[in-house]
Amino acid sequence: MRLRYGLAFGALALVLAAGCGASDDERLTVYLKQRLGPEGPPGQIAAVLVPVQRDRRDGVPPGRQAVLELRVGPSPGERERGFMDTVEPETRVRSVEIEDGTATVELLGREPSLYGAAAIVYSLTTLAGVERVALRLDGEPCCAYRHDGRAIALLSRRLYAGWSGEPCGERDRPDAVRCRS
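These numbers were taken from a predicted model, which means no experiment stands behind them.

Asker: What's the story with the sheet that holds strand 7 (residues 140–141) in this structure? I'm lost.
Answerer: Strands belonging to one sheet form pairs held by backbone hydrogen bonds; the direction of such a pair is parallel or antiparallel. The mixed open sheet is built from four strands, whose spatial order is 4-5-6-7. The open sheet is flanked by strand 4 (91–99) and strand 7, the only strands paired with a single partner. The strands touched by helix 4 (residues 114–124) within the sheet are strand 5 (102–109) and strand 6 (132–137), with strand 6 carrying the most contacts at an inclination of about 140°.

Structure follows, in C-alpha cells:
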C-alpha cells in the first residue's frame, strides 16, 4: 500500500512540474548552427543560426554558461534535426564579464569561425542588459574584421544583418532571403 501511495505522489509531482514548466529565469537561449541544405528555400542553402533553450545551471553566471553551451554543441536530438557544432572545442573560454551593457568574452586557443563569433554575440545579447559583445582571443580583439584587417572591438546583432547565416527571426527587411517554415 505504501508503495502505491509513493508512486501516486511521484506521478502527481511530475505532472505538476510539467504543467508549471521552467520559468524564463530558469532557461537560457543560445544560438546554434543548423543546416538547411538544398531542400531549403531558393537561395538559402547555407546554415543559419537558430535559437535553442537550455536549462540554467546553479552557480554558473548566465553569460559564461551561454558561451560554454555553444562549446558543448547540440544534443543528440538536435543533431538529428540538422544542428551542428557552432564553436570548436579548441576554442576555450577564459572569462565572460558583463558591465554597462557590454559582455567581454576572453577566449583562448582557436579563434571561432564567423558562425561561432555570431552565435556568441546572438546568445549573449539575449541576456537582459547586454547590447554588445567584445570578443578577445589571447588578450587581443578578434573574430570580426574590417576590410583593412583590423578587428572590430564591439560587436552587435546589427553587424550580422543581411548575412546568410542570420537567424530567420531577425530577417525583417523586405529584401531578405526568406527562410523555410
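Asker: Got a minute to help me understand the environment of Met84 in this structure?
Answerer: If you trace the backbone, Met84 turns up in strand 3 (residues 83–84). Take Met84: its relative accessible area is 22%, and that puts it in the partly exposed class. In contact with Met84, not counting residues within four places along its chain, are Lys33, Gln34, Arg35, Ala47 and Pro74.

Asker: In this structure, what is going on with the packing of aromatic side chains? I would like to understand it.
Answerer: According to the stated counting rule, one finds four aromatic pairs in the structure shown. Ring centres of Tyr31 and Tyr122 lie 5.4 Å apart, and the angle between their planes is 45°; on these two criteria the pair is classed as tilted. Of this pair, Tyr31 sits in strand 1 (residues 27–34) while Tyr122 sits in helix 4, and the two are 91 residues apart along the sequence. Tyr122 shares its class with Tyr31; the two are buried. Ring geometry for Tyr122 and Tyr160: centres 6.1 Å apart, planes at 45°, overall tilted.

Asker: What's the story with the state of the cysteines in this structure? I'm lost.
Answerer: Note: disulfide means a covalent bond formed between the sulfur atoms of two cysteine side chains. One pass over the full model with this rule turns up one disulfide. Covalent S-S linkage joins Cys142 and Cys143, the inter-sulfur distance amounting to 2.1 Å. Residues Cys142 and Cys143 share a disulfide whose torsion about the S-S bond is about -50°; that sign makes it left-handed. We classify Cys143 as buried; its relative accessible area is 7%.

Asker: When you look at unusual backbone geometry in this model, what are you seeing that I'm missing?
Answerer: Among all residues save glycine, negative phi is the norm, and among peptide bonds the norm is trans. Here Asp100, not a glycine, exhibits a phi torsion of approximately 50°, which is positive. You can see Asp100 is positioned in the loop between strand 4 and strand 5.

Asker: I would appreciate a short explanation of the nonpolar core in the present structure.
Answerer: Across soluble globular proteins, nonpolar side chains have a tendency to be buried as a group. Among the nonpolar cores identified, the biggest contains 40 residues, and Leu49, Val105, Ile120, Leu124, Val133, Leu135 and Tyr160 are the most heavily contacted of them. Going through the elements one at a time, strand 1, strand 2 (48–55), helix 2 (62–72), strand 4, strand 5, helix 4 and strand 6 are the ones with two or more residues in this core. The element contributing the most residues to this core is helix 4, with eight residues. Leu135 has contacts with Val105, Leu107, Ala117, Ile120, Glu140, Pro141, Cys142, Cys143, Ala153 and Leu155, leaving out every residue within four places of it along the chain.

Quick notes on the rules
The numbers attached to residues start from 1 for each chain and follow its sequence in the written order. Local features in a predicted model are, by the rule used here, given only for residues with pLDDT of at least 70; side-chain atom pairs are given and counted only at 80 or more, and totals for whole chains, interfaces and linings are based on all residues. Note that water and hydrogens are dropped before the side-chain values are worked out from all heavy atoms of the structure. Being paired, for any two strands, means DSSP has found at least two bridges between them. Runs of H or I in DSSP of at least four residues are treated as helices and runs of E of at least two as strands, each being numbered from the N terminus. Contacts are assigned to residue pairs that have any heavy atoms within 4.5 Å of one another. In this description, a line fitted to the C-alpha atoms serves as the axis of each element, helices being fitted only across the stretch in contact, and the angle between N-to-C directions of two axes falls anywhere from 0 to 180 degrees. Relative accessibility thresholds used throughout: buried, under 20% of the residue-type maximum; exposed, over 50%; partly exposed, between the two (1.4 Å probe, protein chains only). In summary, the pairing rule links any two rings of Phe, Tyr or Trp, Trp by its six-membered ring, whose centres are within 6.5 Å, and it sorts them by plane angle into stacked for under 30 degrees, edge-to-face for over 60 and tilted for everything else. Disulfide assignment relies on a single distance test, namely cysteine sulfur atoms paired within 2.5 Å. Residues belong to one nonpolar core when they are buried, are Ala, Val, Leu, Ile, Met, Phe, Trp, Tyr or Cys, and are joined through side-chain atoms within 4.5 Å.

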